[in-house]
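Secondary and tertiary structure notes
Residues per chain are reported as follows:
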Amino acid sequence: MTTCRRPLIIALSGCSLAFGAGVSVYATNAFAQPEERPDAALNMLVHEPPTMEDLENSDLHPELKKVIRYGHDLFTNTQQLRGENVFNDMNCSSCHLGEGRVPFSAPVWAAAITLPDFRGKNQHVNNLEERIAGCFAYSMNGVPPEYGSDEMLALSAYHQWLATGAPMYPDKPIYGRGFPAPDEPAEEPDYARGEAAYQDNCSICHQEDGSGHYENDEYVFPAPWGDGSNNWGAGIARLDTMAGFIYQNMPLGQPRSLSEQDAWDIAYYVSSQERPQDPRYTGDVAETAERFHGRSLYGQTREQDGHVLGDHDNFGDKGDIKPWNVGMPRFENLSEE
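Residues numbered from 1 in each chain as written. Predicted model: local features only at pLDDT ≥ 70, side-chain atom pairs only at ≥ 80, totals over all residues. Heavy atoms only, no water.

**Some remarks on the pattern of salt bridges**
- A full pass over the atoms with the stated rule returns ten salt bridges.
- A salt bridge links Arg 82 to Asp 89; the shortest N-O distance between them is 2.7 Å.
- Classification of Arg 82 by relative accessible area gives partly exposed; the value is 31%.
- Close ionic contact of Arg 302 with Asp 305 constitutes a salt bridge, the shortest N to O distance being 2.9 Å.
- When its relative accessible area of 14% is taken as the criterion, Arg 302 is described as buried.
- Residues participating in the shared-partner salt-bridge network are Arg 82, Asp 89 and Asp 317. (Salt bridge = Lys/Arg side-chain N within 4 Å of Asp/Glu carboxyl O. Buried < 20%, exposed > 50% of the residue type's maximum accessible area, 1.4 Å probe, protein only.)

**Overview of the nonpolar core**
- Core analysis: the largest hydrophobic core is formed by 32 residues, its most contacted members being Trp 109, Ile 113 and Phe 136.
- Of all the secondary structure elements, the ones that give two or more residues to this core are α3 (52–57), α4 (62–76), α6 (109–114), α7 (128–138) and α8 (150–162).
- It is α8 that provides the largest number of residues to this core, a total of seven residues.
- Leaving out residues up to four positions away in the same chain, Phe 136 has contacts with Thr 78, Leu 81, Asn 85, Val 86, Asn 141, Gly 142, Val 143, Pro 144, Pro 145 and Leu 155.
- In this structure, Tyr 198, Ile 236, Ile 246 and Ala 263 belong to the second largest nonpolar core, which totals 30 residues. (Core = buried A, V, L, I, M, F, W, Y, C linked by side-chain atoms within 4.5 Å. Helix = DSSP H or I, 4+ residues; strand = E, 2+ residues; numbered from the N terminus. Contact = heavy atoms within 4.5 Å.)

**Topic: α4**
- Counted at 1.5 Å a residue, the expected span for α4 with its 15 residues is 21 Å, and the 21 Å between its end C-alpha atoms agrees.
- Here α4 has its buried residues at Lys 65, Ile 68, Gly 71, His 72, Leu 74, Phe 75 and Thr 76. (Expected span 1.5 Å × (residues − 1).)

**Considering the confidence of the model for the protein**
- When pLDDT is averaged across the protein, the result is 88; 87% of the residues are at 70 or more.
- Contacts for the low-pLDDT stretch residues 1–35, under 50 throughout, to residues beyond four places or in other chains number 170 contacts. (pLDDT = per-residue confidence, 0-100.)

**A look at the packing of aromatic side chains**
- Inspection of every chain in the model, using the stated rule, returns nine aromatic pairs.
- With a centroid separation of 5.1 Å and 80° between ring planes, the pair formed by Phe 104 and Tyr 175 is classed as edge-to-face. Here Phe 104, found in the loop between α5 (97–100) and α6, pairs with Tyr 175, found in the loop between α8 and α9 (191–201); they are 71 residues apart in sequence, far enough to count as distant. In terms of burial, Phe 104 and Tyr 175 fall into one category: buried. (Phe/Tyr/Trp six-rings, centres within 6.5 Å; stacked < 30°, edge-to-face > 60°.)

**As for the layout of surface pockets**
- When its volume is computed, the largest pocket comes out at roughly 990 Å³.
- When residues of the lining of the largest pocket are traced back to their parent elements, those giving at least two are α6, β1 (117–119), α7 and α11 (239–249).
- Of the residues forming the lining of the largest pocket, the biggest block, six residues, is contributed by α7.
- By volume, the second largest pocket amounts to about 490 Å³.
- Lining the second largest pocket are 24 residues; nearest its centre among them are Lys 121, Asn 122, Gln 123, His 124 and Met 328.
- Residues from two domains meet in the lining of the second largest pocket; each of domain 1 (2–162) and domain 2 (191–318) gives at least three. (1 Å grid on protein atoms, 1.4 Å probe; cavity = no way out; pocket = protein on both sides within 12 Å on 5 of 7 lines; lining within 4 Å. Points joined across faces, edges and corners; volume = space filled by probe spheres on them. Domains from an automatic or database assignment.)

**What about the pairing of strand β4 (residues 218–221)?**
- Here strand β3 (residues 213–215) runs beside β4; their pairing, made up of three bridges, is antiparallel. Paired with Tyr 214 across the two strands is Tyr 219, which belongs to β4.
- The turn linking β3 back onto β4 is made up of two residues, and Asn 216 within it adopts a positive phi angle of 55°. (Pairing = 2+ DSSP bridges.)

**Observations concerning the packing of α9 against helix α12 (residues 260–271)**
- α12 packs onto α9 with a crossing angle of 100° between their chain directions and a minimal axis gap of 7 Å. Comparing their axes, α12 and α9 come out roughly perpendicular. Every residue of α12 that contacts α9 at Tyr 191, Arg 193, Gly 194, Glu 195, Ala 197, Tyr 198 and Gln 199 is listed here: Gln 261, Asp 262, Asp 265, Ile 266, Tyr 268, Tyr 269 and Val 270.
- Taken together, the residues of the contact of α9 with α12 sort by class into seven nonpolar, three polar and four charged. (Axes fitted to C-alpha atoms, helices over the stretch in contact; angles between N-to-C directions. Parallel < 35°, antiparallel > 145°, perpendicular 65-115°, else oblique. Nonpolar A, V, L, I, M, F, W, Y, C, P; charged D, E, K, R; others polar.)

Have a look at this one:
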């Protein structure tokens, strides 16, 4: 991970869970995937994104190169927007490892070739800028840059640069897309086992209390929960997504080295900790859980102490600022067919 506040969303397993930190280190081995890659990639779209070195050697207009460079800078050091658009310790590269290029770490070029498309999370067709805005509202616990702003254009341009050469709306599944969850574990995910596995594998970088690691007030390894982490609305707050990130990427540089059981157990433990409130919160945790949280532990009662997860009014450093993009309806004037 980098040392300029590159938070990860879930930094879990031993020094490797720090998603944000170590992104540049991981980039060199971004495509060193497990042995089964050749078989897994059969009849799939396999795309190796261009690098920033490729950008410098390209024939693109110098002004466009400047914008793509700025997008890369924002992506890997989103903390420069702290207090305006970002209100936690995350960077885009905290979740999307290797500068957004790594398979099985939600490589962002996939969004550039599959959007616009319908998105179940907000129940309407989203374009690339709207998808990025969602990351700011949830993963960054923040407020997105305006559509069409310099920052949004730069981030979009970087996503599209990474997609160079990949077909739009591919007719094959995309290899390495998202955070594929491991197979169901032999035993139900367990809090106590997860806590033990976290302490053994993750606390060295992310602290026993999940507060993350800082040196000289600079972020080194991210907080997997608490105010410095993503809020309850982030995709990584889903148990299966968390397990997928851990299994596919952690420890950093050692993908799939944890057992499937350990990945699920650690995910269950981390997902059982508090984080900032979901910006879609209706004021009633049970109602919010029913509407938006079918795959997370939000609204569930923690057996260890009877605490109802998400039952609070803590929105983190953002306070009562509401992201302008949350709950914004689209295409309401279109007739049903």
